[in-house]
Every structure is written in structure tokens, then in C-alpha cells.
Amino acid sequence: MAQGRERDDVHNVALGASLSVRWVQGFPKQNVHFVNDSTICYPSGNFVIFINIETKKRTVLQCMNGIVGVVATNIPYEVVAFSDRRLRPLIYIYNFPGLTRRTKLKGNVLLDYTLLSFSYCGTYLASYSSLPEFELALWNWESGVILCRKSQPGIDVSQMTFNPMNWHQLCLSSPSAVTVWTIERSNQEHYLKAKSVKLPLEDGSFFNETDVIFPQSLPKDPVYGPVLPVSAIAGLVGEEAETFRPKDDLYSLLHPTMHCWTPTSDLYIGCEEGHLLMVNGETLKVTVLNKIEDGPPRVERNLISPVTMAYQKGGVLASGIDGFVYSLLIKDTNYKVEDFLEVERPVEHLMFSPSYRMLLIQTDKTLTQSGEVCVWGIEDGACVSRIYLNIQATVLACSPSSLSAAVGTEDGRVHFLDVRDVESPHEVHKAFLSESPVQHLLYDQRGMYILVGTSGGHIFVINAKPSSLFEILGFIEMGKGILQISTVSPLETDIVEVMVLSPLPETRRSRLGIFSLPKILPEVSASFADERGRLRDEFIHKFVYETEHTLSSAVLNLHSNRIYGFCNQVPYICSYLLPEKEHSGVHILKPYQKIQSKQYGPGMLSLSPHGLWLITIAKCGILCIRDIHTLETFTRCRSHSHQGHGIQSVRISMDGQSILVNGRDDNTLVNLRWRRFGGILANDILEYSQQLTTYLKTIMDEENDYLSIARRESLDLESESEHAVTENMQLSTDSSQEELVKVGNIEEIPWIQQKSQEAIKNEVKLFSNKRKEIKRGIKALAKTVLDMMEENEAVDDIAKLEQQEFGLDLEELERLRNENEQEVEKIRKDVEMQNLAKRYLAEIIKEECWNSMAVKGRALKCFHIPYVVENFPMKERTDEEMKELKRVLQQKKIETECLKLRKEIVEVQSAITLVKKHHEEEDEEEEEDSTVKDNSLPNYMLGSLSTDFRVHTSLLSSQLELHSREEKINQIILLKDIIYKVKTAFNSEFDAAYKQKEIEIARVKEKNVRIKEIILDLQLEESVWQPEFEDCEKPERTLVVESSEISAQRHIKPWQKAKTDLLVTREMERLLLTRGPDSRRRALMDMMGGVLEVKKEDILRMVIPQPPFMVKPDALWSEEERKLYKEYEKKVKELNEERDKYRKSLETEMKKLQNSIQEGTQNFDEHLKRLFERRVKAEMVVNQEELKINNLIFSLLLDEEISSRETFLNNYLARKQEERNQTTEAIRKSREDLDMYKEHYDNLLAEDKVLDRSFKKEFSEIPSHQVDILYKLFKRRPRIHKHKIHAETTSLVPFGERPGSGKLNKDAFDQLMKAMDDLDSTNNMPEGLDTSVWEHFCMTRRAKVENEQKVKQKAAGLIEMVAFLRRRTEDDEKVQHEIEKVFHELILLQEEKVKFQLNLTIQILLKQGQVELENFQLMLDYSDAILINKIIIEDLNSVIRTQGKKKVASMMESKEVHKGIFQIEWEHKKMEMEMEDLNQKAWDIQMLFFSRDRQKYLNEPNYETLIAIQIGIMEQTIAVLDKTHKKNVENCKKLLKKLRRYSNQKDIANYTLSCNLREELVAVSERKDICNAMGSKLTCEKIAKERYENMMRQQKLTKISKQQADQISILQAEVERLRMKTFPALVQM
């Protein structure tokens, strides 16, 4: 109960405690601004920080609604404006230095303000918002109202500034545009009017833009109709048509980066491309300034794109990303660049102070990359010192037991700093733990150990005492993704409890690992850790817990019996009781206490040093301090905002007096202090702080001494290392290159890898003998297995073992096999997926290009000539097309029937007059004849040859009647139907030709079978021509992959191979069973060659076997054998005769077949040639119809463009009329305001005159001389002494004296009133004047002065209103001019539209060569020509034809007379010629040759019998001649045998002689050499040589004469044979 009351008391006391901001440190993310000449400000997180440049004093202004948005300052009024970033943000105006809120501006912006800007003159504030409004608003910040606003959707602005010399001008710039807004005022009404600056192209040149709405340079096209603007062609009818430009007409313009105003109200604009522009403030004319180079160009640095600019006298200061500030000296249209200042970092912002005595340079400097560690004063937040680690720092912690700090870095190192001297911190030690970045760094409460957590999931334990040189004691593995480390180190115990929180994303839980570190761990670390440095779980008492919910943070209380966790998914803070009994494995913790946190987003927990406060932070940016027992919040503070993603970390001092809170993304560090902090709440933590300080005092003194020693050693090491480096440099000239390479390649190894390598070395050294023994055993075992495998190869197949049975490590083999199978399966799946994708793509292509085609595209080739005919690929017409076609056909039929009925009605009415009936019938007959004639002749007005394909065109409308849109659409549908029918007609002819080719190829194949048989029988080496369809003729082949096309070997699965073998075996067994015993077949093969009957085709292969006695010499033959030989020869002769006859018949048959094939294929080629001509004609018809369709579509498109243009002009006219109404209303309103204002002005002026005139009346009671004196004093006005500006300031400030603002006018009026007080004093009272009169005079004079000031103000307002009315009138006149222009354009467009609808484009079909002109005398200008109807020409032709017929009739009469004369003459000549022919025939009959054969044929009654007898005699004669020929042949053969034997003998003799001759030649050559050597020749040898040559010449001539004689005899025989051919044959037939 006592404890409960005590807790309640503590809670009640804590309710009065609160936190406030002591100081704030932050880095500016936005531009820094001057508030006055000595103070700057910038936003940081939830605060606006003010810094006095002279005193370095900081002042903080907190935004209570979250993070600060944009900031602006007004120097004359010394006020600061900033916005927040909540939903529907507000703008706050605060005074400086009082920091009291003057007003709060609330607009209609939904999300955020992006820019704020104060005007120098007046109480005006401009704001610009982002999505979704993009609204520019002008405020009167004193009254807190919006004066005017303007939205420009989708336009982001990067800079917004008022003209310092004229608050009526406001410039907004973005990377793509610059806009100057003019603020116009009429009394209390304000208006915004924008005007864009036309930027040059990227190269600095200007582009002449054409008027998009009313283009004047469009060409006129008399053939294809009017040429319309691009917006009409695009079909735009709204406001987007006013600014639309096609992609080809868009050019890249300069990209502005920064702008600044000049005292002459001009603009300087810096561009990304490096150009500097000057814009005239009134006309907005752009001038590209030329850069002048005095000297050589700068090397390695160039001001390409100025990021920031600031105006100064004579030019501007500019800077970019190169770290230099340049001075641009501008004169006329040229500028020169000079170096002004060199800065280390890229410059982000330049700004002059109000007096232009100071230049503010804001740079972009990243501290985390340089590893900067700063020491800050806790009281004032001043930076005492800093040190650079030159590596990105991630985490920092300070030691409680010594004046040192530890910094974790990105490369896995921990740097230890000596901060005993806060003004000069120094690095004393560095530990390289692992290659993973350091994420967590934590000292325990007593400073015994440092716990380092890395991203690799290791927790390193380091001795925190400098006396141990920060020894690494070991590490614990806790898993990746460590969230938090918490420690508990009570003063009364000797252990440190550590808890580590890590996530379990797969189970949506969190894991808590708790272990203990004893105080004696540094002494026994070798036994607590294994050889690799891992602390053993049994020694550190490691336990693992899991929670049901995921936790973002968890801490352990001081008694180590309870865990506090911040839930990640639900907004609760839970406490968990730890089990008292030890356990193994994972223990699931359930919440013991749960309370709603009232903070959203992931949070973090931390304990106060004395363990009674639980500090919670979250993404919402609120810090809460809770009682550890009840978890109730007793104080809270919003130091950051959720827009900056809340608070990242929090630290509390040992005595609890200071709390440091660091933001996550807002770069802000906040120091909080207590207000109304005392009582039990303060006593507990102060008491604990004193105890801990007393406990650590001795330890800290000792460790600080060691720190000083370590610092001296580190300094000595640095000096030694520098000395060693110099020595190495001196020795490098004598050392070898290899040693230098070895020294240079030494790399620092992390501690965890060093321990691992040492453990491996120790293990290798410890088990070296065992390893050798195992290796020897493995070698012996391997040798035994190899011997067994060799022995296995020598045994029989039955006893042979498989290769896999010799594997000893079956598990390893199985693993390798499984890995292999997995890899194969993976590759197979990848290949299957690739194949599936390819098949899917092929299926899509096939579906779109093949299956969807009702008629597949294919070609047809000739057999012998290079002609290819293709059909028309066609898709099936859709239901919608058929429905539309049916509708059009039905409509056309109805129109035709209506036209017929109208004609019949007209004919019936005209048939009443009988007199004209005959003429009408004749006319109808003529019309019918003409129609028949028209149907038979090409219809030139039809514009195509579609009638040649029997396509009906009667439903087509005449090309001269297509005026309406519906008629054109119907005509297009009918033309498409005609194209479809033409293609269908040709495709039917193509299909017939295709079938004919199939039949022809089949016939050729059938005949080629017989030709191949004949060639085989004749044993000819001829190739058979076999025509085949090519792929273009059968395109479906490409969709099927044949087995022959696959080059890779086919993969056959084992079960498929077994199935194939089984089928083959069964088929062989079936054949053997069906064949049965083969004795009959063998007998047939032996006796008759395998056939029962000898066929005629086998004659060529038949061979008569020789009698066996022919082996013997013919001298030993008997008579019987000789007879058998004769019979054998007779059979051979008969067989050869049969062979010759059969061979000739086969050759004749083969020629007939080849001729038949040639004739058939040539006929098909001729047919295909005609089909090719038909294809050309069909394509011509299709192109003609498509040309008509394209003309119609073009006319429809042009009609739509004209309609779009007309709609746009009507919409534009409506907008202009509405604008005209607005301008008219504005003029009316401004005139009313002007009249009312003028009336007020006149009243004031009249009052002023009344005051002047009534002066003497009011003072009529006093003497006149006093009245005159008073009147002079009444007219007198005090002199106001202007504030004198120093000459130095005047020379520095470029803008000089700016126009007076409202505040300056008010200040001047106050000064005037003060001066009036001096004039109203009694010292200036005339003598003898009553005091009451003087007071009345002073009041009257003061009223007069005030009235004069009002008149002056009203006069200035009146001038503004008159100017405003004049501008409105000018705008109204401009709008009226635009409206008149639109009306004129509409009239022209309607005229063009009517002309286009009447002036049709038709297609006329003309014969080629029908009109021939010499010298190309053809009129090309058809502007005067008209196209008339054919009926007019036909009527004129009928009249001409009637007159021509009469003339022809008269000419025919005269022609008949001449014709009769010519006919009689011709008949006379004919009779004379017939007489000559008869005489010639009689002579020929008399001289006719009549042979004996003809006489015999006529005289002999049995002429055929006689012929048969003669034939028999001739056959007998032939038989006798054959026998005689055979005998002669046998004799010749015998003679040939003898001659062969004789020739053999001669050959032997010749061979002998040749051998002898070779020897003789050798001897002769030897003798010849001897003779040559002797050098003399005998005369007899010469004679012998000449004789030998003469003999050889004679033999040669004799041989030639014999050859010529043989040739002459052959020629004589040939002459005799030819002569005998001329004699008549006397053989009777």
C-alpha cells in the first residue's frame, strides 16, 4: 500500500512536469534568408533558427503544427513568414526579434506551399502552391486576406521574386519557362495578368513562331481542297488547340536556372546551357548577352549553368557546381567573367545583406560522407570542436567510465576518441571488427563493455576500458537485421545483462536473445570463447525468447525480470515477464501488461539511467516519458514531425536534466530541458546519478590516465610511421621491385577473420598426424578399389559388376547424382519455358497470319518459265461488315426501286400525247441500244475495270453525285465489296489452276515411274525430271517441322527405346511365321530365277548359259558338241535380236512419255501465263478501287478537319465572347468605381477648398492684421528631414532609394504630425493672440493638413484607377478585334467548305495512247475548265450523227455506181484467169508420169497376193543372206582368233626386239658420246642418217596416201548410196 501511495504521489508530481526546447541544431535544406542586416534565418525540422552573425546567438521559433515548409522574410517590416506542411496548410507571420505572431493566413491550398515571397514596397505576400492547385495568390499579410489568385495547372515553379523597384511586377521561373506577372490595382480590387517570356533556342538563336490559331502562311491547294491548321488536322476543338504543336515543330529551348531583378526593372536569367539573358521588364524582349574572353579560357573549370545569382552594381555574382563564385561584369549586351571567390563546395545560394556589406554563401556540404564528429556545448549548443574520420559514420556512443567516445563506421570499424580536452579530440584506437557496417553501438550503464552490432548479425563484446586497449573479448551470433540492443548493469551486481531484438519475418514474430556478461570476463575471455572468438552459450547463459507480435523496439528493466516492447503492427506497448526457471530452446512470451501507446508508426523504447522512466519515440515525432510501473505518460513533447519521419534516436543525460532528440530526415538535433522539474521525480534520478558518479569516479580517473598514455603512444606511433615512411622512401632506390610490391599488398584483415584463420592454423597443426594417417589409408583404399575394378574387367559378363557398385561414398554419389538431376531439371525447365514462349509466339503469329485467313496466301510457279502467280490472301468478313453491307445493299435497292417508279410515273404522264409516242419509242430504242453499247464497252466514268470480272456495279452511285457524308461512306462499303468479289473471282481461277497443277504433277509422277523402269532396263545414266511443289506454293509446310530439318540428335527416352525394340522383335517374329518353310522359294530361285513366267522386261537381263564343253579347245569338240554349239549360237543371235527390238521399243516409248510430259507442262505454263495476266489485271482493278476509296476517305477526312476547324472557331468565338462580356463587365465596374471614387475625391477637394475659404470667416472676431498673420501660418508647412543614407551605403546598394511603401508613407505622415506639434507650440503663437484662439487655429490647421494628405492619397488612387480603366478598355478592344477576326475566318471557312463539297474529285479511266500530242502541247492549267455531264455531249453527238448519216447516204449512192463498174471489171479478169488455169491443168494431165508399179496396180486384179508372194521371196532371200552373213561372221571370228594369236606372237617378238633395241640404244648413246668426245664425224654416218630420214619421209607419205585413198572410197560409196536413193522403189506393197 505504501508503495502504491508513493507511486501515486510520484505520478501526481510528474503531472506538473513538462519539457521545453533549450536549443536546436540543424542544417538548412532550403535557402538562408536575411531578417535584418545582422541576422539570418533558415528552417530546420519543426523550427526556424535565427542566428545573429555578430554575436553568434541563436534564437528558435517552433512551428506547433509540424515541420516548417517554406520561409520568407520582409526586411523593412522585420517579419518572417513560414508555412506548415499539414493538410490544408497555413502561413504564419511573426515579428522579429520579439517572435510574436502577427497574423495567420488561411487559404484554399490542400497540400503544400512551395514558394513565398514578400514585396519590398507594401504589405504584399505572394505564395505559390503545388499539387493539385498550382495556385499563385497575392496576400495583404497585415489584414490577412487574399487580394487575388490565379491557377495554372501542371506548372511547377522553382523561383518567385518581386521586382524590388516595382511591387506591381512578379517573376516566376521554372526549368522550362519564365513568366512575368503584372499586378493591377483599382481602388481595393487587384488583378493578376501573366505574360510569358519567349526564350531562345538552345544555341541562343530565336525561332519565329507562327500564329497557331490564324496561320497566314498556309499554302493553297486547288486540287485536294483547303489546307487547314495542324490543330484542325489533329481534331482538336478545345483550348488545347490554341497551343498545340506537332512533335516535329517542337524545338528545345533554353532551360532557366536562376533569375534576378535590376534597378531598371530588367531581368537577368541564367540558363543551364551557359547563356545569360537580359529581359526588358516592360516589353519582355529577350537579349542574349555575349561573353567576352580577355585571356585564354580556364582549364578544368567553366561556369556552364549558374545555380544561383545575386545582383550587384555593374553586373551579377553567379556560382555553379564547380565551387567558384564568379563576377559577371555586364556592359550593354556583353559581359566579362572574372573570378570573385573560391569555395570548397558547390554553391547552392548567394544573397547580399540589406546593406550589401555582407555576402551570404550557402554551400552543399555532406557531413556523413566525411565522417565529421562534433563536440557540442550542452548549455548553449555551440560547436566546441570537431574531428574528421574520412569515412561515413553510422553510430556514436560515449563511455560512462572514461572521457572517451566510440564511433562506428560503414566499413565495419570502431574508432575510439579521447575527449578529455573537448577543444581538441583525438583518435587513440581503431578496431576493425568485420566487413559488415556497424549499426549499433552501446555501452553498459557502468561502462565496462561496448556492445557492437553489425548488419551481418554479429554482436561484438569489447572491453570499454582504455587500460585494456579496448580489447575485443568475443562475439555472439544473433541473426541478421538486429533492431536494438539493451543492457542492464546494476551497481549491486557483478554481471551485465544484455538483450538483443531481431525480427522473424517468416513467422511474423520477434526474437529476443538474452545473455549475461560477468565482470570477470576480460580475465577469463580465453575460456569463455572458442578458438574463432565466439562466446560459448553455456558460459554466457544465453536464452532465446519469441513474442507473438512483431516488435520494433524492446528494453530490459533494471531487475532483469521484465521486458518492455513497442509493437510494430498494433499501437500498443507491452510488458513481458521473464520465466524464473531456466529453459532450453525457444520460449514464447505472452504480454503481461498492455497499454495503448497513442503514437503511430514504428516506435523505439529506451530506459532512463535510474530505470524508472520509459521513454518512447515514434514516427509521429512526439517524445513521451512514461512511468515504468504504470506505463502512463507523465510528460510529452512534440520535437519533430511525421513529415520528417519522426524521431530517430533519443539520449538522456545521467542526471536527467537534458534530453537530446535527433530527427530521422529533418537534419535537426533538439535539446530539451525540464520545466517545473522537482520533488520525488527529480530526487530519484539525482540520487542515482550521484551514486553512479561516486562509483565511477575512481575508475574514470584511472582510465583517463590511461587515455593520456594511449594518446601519447598514438602520437608517437604516428611520428614513427611518418619516419618509417620517409626511410622506406629513401631505401626504395636500393630495394627490389618485388619487395615493394609485397609491402604494398598487405591489407588489414578484420578481427573475426583473423580469429578464424588462427583457429584453422591451430587445427591443422593439431591434427596434422591424423590427417597424414587418413590420407595414407585413403590412398591404400583407392589402390585396392582400382585393383578390384581391373579384376572385374577381366571376368565374364555374367559375373561382372557395374561401375557404380565400386563407389565407396554412396551418399556422396547420391548427392552428386541428385545435384546433377536438379541441374538437368532446372535446365530442362528453362528450355521448356523458352520453348513454351516461342510456341506461344508462334501460335499468336500463326493465329493472326494463318488461321485467321479464310484464303491462305500462296503462289503458283510455272514448270519451265520464271513466272510466279500469287493469289489474294483474304480474311473472313466480320458480322459487322456483313451487316453494314446488307444495310447498304438494301438501301440501294430501295433507292433503285423508287427511281424506277418515278420514271414509270413520268413515262405514263408523257404517254398521253400520242403525237410524241413514236418519237419516244425511237428514243427508248436508242437508249436501249446505247445502254447495251455501254455495257459492252468499258465504262470510263466508273473509273475501274471491275466489270471485266463479272462484278455488278449497278448499285454504285455516280462519282458526280457523292456530296453527302453518308453517300461517301456507302460508296466506300460498296467499293470494298467489289474488291472482295474481284479477289474472290481471281482466287477461284487460281484454285482451279492449282488443282490443274496438282493433276499435272500426279500425271508426271505416274509417267516417271515407267520412265524410271525403262532407264533401269536400258541401263542409261539419265536423270528423270520430277516437278515438285515449292514452299511458296505450299506455305503450310513452314508450319510443320520435319524430322530431316532437325540437325540435333533426337533424344529417345529409355522406355521409348525399349518399346521400339519390342515392336521390332515382334514384327520380325510375325514375318518369320507368315513366311513359313522356304524350300519352295529356294527351288523357284534355283530353277526359274524366282518367277514362274518370264516377262518381256526380263529379255534384256536374260543370259543363255554356255555349254560345258566350250571350256575345251574347239579342235577337241565332237560332232554332237559342234551341233550344240551351233544351236547355242543361234539362240544367242535370236536373243540379241529380241533385245535390239525391245530396246528400240523402250526408247520409242520413253520418248513418247517425255514428249507427253513436255507438252502437258508447256500447256500448263501457257495457262499460267494467261492467269498471270489476269492477276495483273485483277491487281489493277483492286488498285483502282482502292484509289477511289482513298479519295473518298481523304474527302471524309478533310470534311472532318473542316468540321473540327469550324467547331474550334465556334468554341473560340464563344470563349472570346465570354471574355468580351467579362471585359465589358470589368469596364462597367471600373467606371462605376472610378465615378464613385472621383466623387469622393471631388468632395475631399471641395472640403479642402471650403476649409481654405472659410478660414477668415472663422477668425473674423480678431483683428485683421492678426488674421493675416494667422493665414500665413495656416499656409505654412513643416519641413520633414529625410533620413540621410551614408555615402558608403549608397555606393554599395545598387537599388538606391526605392519607391515608398505603405509603411514609409505612414512613417512620413507620423513625422509630419510630429512636426506639426512643434508648430503648434505656444512659442510660435503671435503676440497678443488669445490662447483659446491659438488652440482653435491649431486644430483648424491640423484638420487642413490631414485633409491635404487625404487628397494626395485619393489623387494617387485616382491616377491608378484611370490607368486601370484605360488598360481594360484596351483589352476590350483587343478582344473585339479577335472576335471580328474569328467571324471573318468562319465566313472564309464556310465558303471553302461549300466549294469543297461541290468540287468533287472523280476518277476517269483512259486508254493508254488514246490521245497523242506532239511536243507535249498539253494544257495543264484547268482553273477555267469545268466537268459537265456526258448526256450533254451525247445529245450534241446525236445531232452531228444525224447530219453525218445523211452525208454518208449520198456518198453511198455514188459509191454503189463505182462499185458496179469495179465488179464487172473484176468478173472479167476472173474469167480470164480461170481459162488460163484450165489450160494449165490439161497440159499437166498430158505430161503426167505413170510408172509401171501404178500400171501394175491398176491392171493386176490380185495385187495384194502378188505383193505377199514377193514379200515371202524377199524373206527367204533375207534368210539366206543372214545365213551367209553368219558364216562370214564365223569365218571372220576364226580369222580374228588367228590374228590375235599371231599378234600375241608378234608382241612377244616386239618385246624381245624392244629389249634388244634398248641395249643397242645404250650402246649407240655410248658410242655417240665417244664420238662427241672425239669431236669428229664420219662421212658415212652422215650419209646413213640422210638415207634414214628419206626412208622415214617416204613411209609417212605412203601412209598418208593410203588414208586418203580409203577416204575417197568411202565417199564414193556414200555417193553411190545417195544416188540409189533417188531411183524409184520397185518393191510391190
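Up top you'll find the structure we're talking about.
Residues numbered from 1 in each chain as written. Predicted model: local features only at pLDDT ≥ 70, side-chain atom pairs only at ≥ 80, totals over all residues. Heavy atoms only, no water.

## Structural notes on unusual backbone geometry
The condition is simple: Here a helix means four or more residues in a row that DSSP labels H or I, a strand means two or more in a row labelled E, and each is numbered from the N terminus.
Following Phe-96, the chain continues into Pro-97 via a peptide bond in cis, with omega recorded as 10°. Within the secondary structure, Pro-97 is located in the loop between strand S8 (90-95) and strand S9 (101-106). The linkage connecting Leu-131 with the following residue, Pro-132, adopts the cis geometry, with an omega of -5°. Tracing the backbone shows Pro-132 in the loop between strand S11 (124-129) and strand S12 (135-140). Even without being glycine, Lys-56 reaches a positive phi, approximately 60°.

## Here we look at the pairing of strand S44 (residues 562-567)
Selection criterion: Note on classification: 1.4 Å probe, protein chains only; a residue is buried when its accessible area is under 20% of the maximum for its type, exposed when over 50%, partly exposed between these limits. When DSSP finds two or more bridges between a pair of strands, those strands are recorded as paired.
The buried fraction of S44 amounts to 6 of the 6 residues, a majority that puts the element mostly inside the structure. Side chains of S44 alternate between two faces, with Arg-562, Tyr-564 and Phe-566 and Ile-563, Gly-565 and Cys-567 buried alike. One ladder, built from 5 bridges, connects strand S43 (residues 551-556) with S44; its direction is antiparallel. Across the sheet, the residue bridging to Leu-551 is Cys-567, located in S44. Here S44 pairs with strand S45 (residues 572-577) via 5 bridges, running antiparallel. Looking at the pairing, Tyr-564 lines up with Ser-575 of S45. The turn joining S44 and S45, which pair antiparallel and follow one another in sequence, is formed by 4 residues.

## Quick word on the pattern of salt bridges
To keep things clear, this is the line we draw: A pairing counts as a salt bridge when a side-chain nitrogen of Lys or Arg comes within 4 Å of a carboxyl oxygen of Asp or Glu.
Following the criterion strictly, the structure yields 48 salt bridges and no others. Among the salt bridges present, the one from Arg-1367 reaches Glu-184, with a minimum N-O distance of 3.3 Å. Highlighted residues: Arg-1367 in helix H21 (residues 1331-1398) and Glu-184 in strand S16 (residues 178-186), separated in sequence by 1183 residues. Since its relative accessible area comes to 27%, Arg-1367 is described here as partly exposed. With its nearest N and O atoms 2.7 Å apart, the salt bridge here joins Arg-1368 to Asp-1371. Of the two residues, Arg-1368 and Asp-1371 are both situated in helix H21; the distance of 3 residues between them amounts to about one turn of the helix. A cluster of three or more residues bridged by salt bridges with shared partners is formed by Glu-184, Lys-193, Arg-1367, Arg-1368 and Asp-1371.

## Remarks on the pairing of strand S24 (residues 315-319)
Put simply, side chains in a regular strand alternate between the two faces of the sheet. Counting buried positions over the 5 residues of S24 gives 5, a clear majority of the element. Looking at chain direction, strand S23 (residues 308-312) and S24 are connected through 5 bridges and run antiparallel. By the bridge assignment for S24, Thr-308 is matched with Ser-319. Here S23 hands over to S24 after 2 residues, with Gly-314 in that stretch at a positive phi of 90°. In sequence, S24 turns back onto strand S25 (residues 324-331) through a hairpin of 4 residues, with Gly-323 there showing a positive phi of about 85°.

## Some points on the packing of helix H13 (residues 965-1018) against helix H16 (residues 1119-1253)
The following threshold applies: With axes taken as lines fitted to C-alpha atoms, and helix axes fitted only over the stretch in contact, angles between N-to-C directions fall between 0 and 180 degrees. An angle counts as roughly parallel when it lies under 35 degrees, as roughly antiparallel when it exceeds 145, as roughly perpendicular when it falls between 65 and 115, and as oblique in every other case. Working rule for handedness: look at the near helix, and if it is turned counterclockwise from the far one by less than a right angle, call the crossing left-handed; if clockwise, right-handed. Polarity classes work like this: nonpolar for Ala, Val, Leu, Ile, Met, Phe, Trp, Tyr, Cys and Pro, charged for Asp, Glu, Lys and Arg, and polar for all others, with Gly in that last group.
Interhelical geometry of H13 versus H16 gives an angle of 165° and a closest axis separation of 9 Å. On the basis of their axis angle, the class for H13 and H16 is roughly antiparallel. Regarding H13 and H16, the two cross each other, and that crossing is left-handed. Of the residues belonging to the contact of H13 with H16, the class tally is 28 nonpolar, 9 polar and 21 charged.

## A few points about the side chain of Ser-129
Just so we agree on the cut-off: Side-chain atoms alone can form a polar contact between residues adjacent in sequence; in general such a contact is a pair of N or O atoms within 3.5 Å, and within protein one must be able to donate a hydrogen while the other accepts it. When checking whether two residues touch, look at their non-hydrogen atoms; a contact exists if any pair is within 4.5 Å.
Within the element layout of this structure, Ser-129 appears in strand S11. A polar contact is formed between the side chain of Ser-129 and the backbone nitrogen of Glu-135, at a distance of 3.0 Å. Other than its neighbours up to four places away in sequence, Ser-129 contacts Val-109, Asp-112, Tyr-113, Thr-114, Phe-134 and Glu-135.

## A word on a negative patch on the surface
Stated formally: By definition, no residue in a patch forms a salt bridge, and every one has over 30% relative accessible area; like charges are joined within 9 Å, nonpolar side chains (Val, Leu, Ile, Met, Phe, Trp, Tyr) within 5 Å. Under the convention used here, a 1.4 Å probe and the Shrake-Rupley method define accessible areas, while residue burial counts only the protein chains that appear. For this count, His and the chain ends are skipped, Lys and Arg are scored as positive, and Asp and Glu as negative. In plain terms, the charge of a residue is placed at NZ if it is Lys, CZ if Arg, CG if Asp and CD if Glu.
A surface patch of negative charge is lined by Asp-787, Glu-790, Glu-791 and Glu-793. One can find Asp-787 in helix H9 (residues 768-794). The class of Asp-787 is partly exposed, set by a relative accessible area of 40%.

## Remarks on a nonpolar patch on the surface
A cluster of nonpolar side chains, Leu-87, Leu-111 and Leu-131, forms an exposed patch at the surface whose accessible area comes to about 310 Å². Among the structural elements, Leu-87 can be located in the loop between strand S7 (79-84) and S8. The exposure class assigned to Leu-87 is exposed, which follows from its relative accessible area of 60%.

## Things to note about the packing of aromatic side chains
Put simply, the rule is: Here is the rule: rings of Phe, Tyr and Trp (six-membered ring for Trp) pair when centre to centre is within 6.5 Å. Planes less than 30 degrees apart are stacked, more than 60 are edge-to-face, and the remainder are tilted.
In total, this model carries 26 aromatic pairs according to the counting rule given. Ring centres of Phe-118 and Trp-141 lie 6.0 Å apart, and the angle between their planes is 90°; on these two criteria the pair is classed as edge-to-face. Highlighted residues: Phe-118 in strand S10 (residues 113-118) and Trp-141 in the loop between S12 and strand S13 (145-151), separated in sequence by 23 residues. Taken as a pair, Phe-118 and Trp-141 share a single burial class, namely buried. A ring pair is formed by Tyr-867 and Phe-1172, whose centres lie 5.2 Å apart and whose planes are at 85°; its orientation type is edge-to-face. On the criterion of sequence distance, the pair formed by Tyr-867 in the loop between strand S56 (859-861) and strand S57 (868-870) and Phe-1172 in helix H16 is long-range, its members being 305 residues apart. According to the relative accessible area criterion, Phe-1172 is partly exposed, its value standing at 30%.

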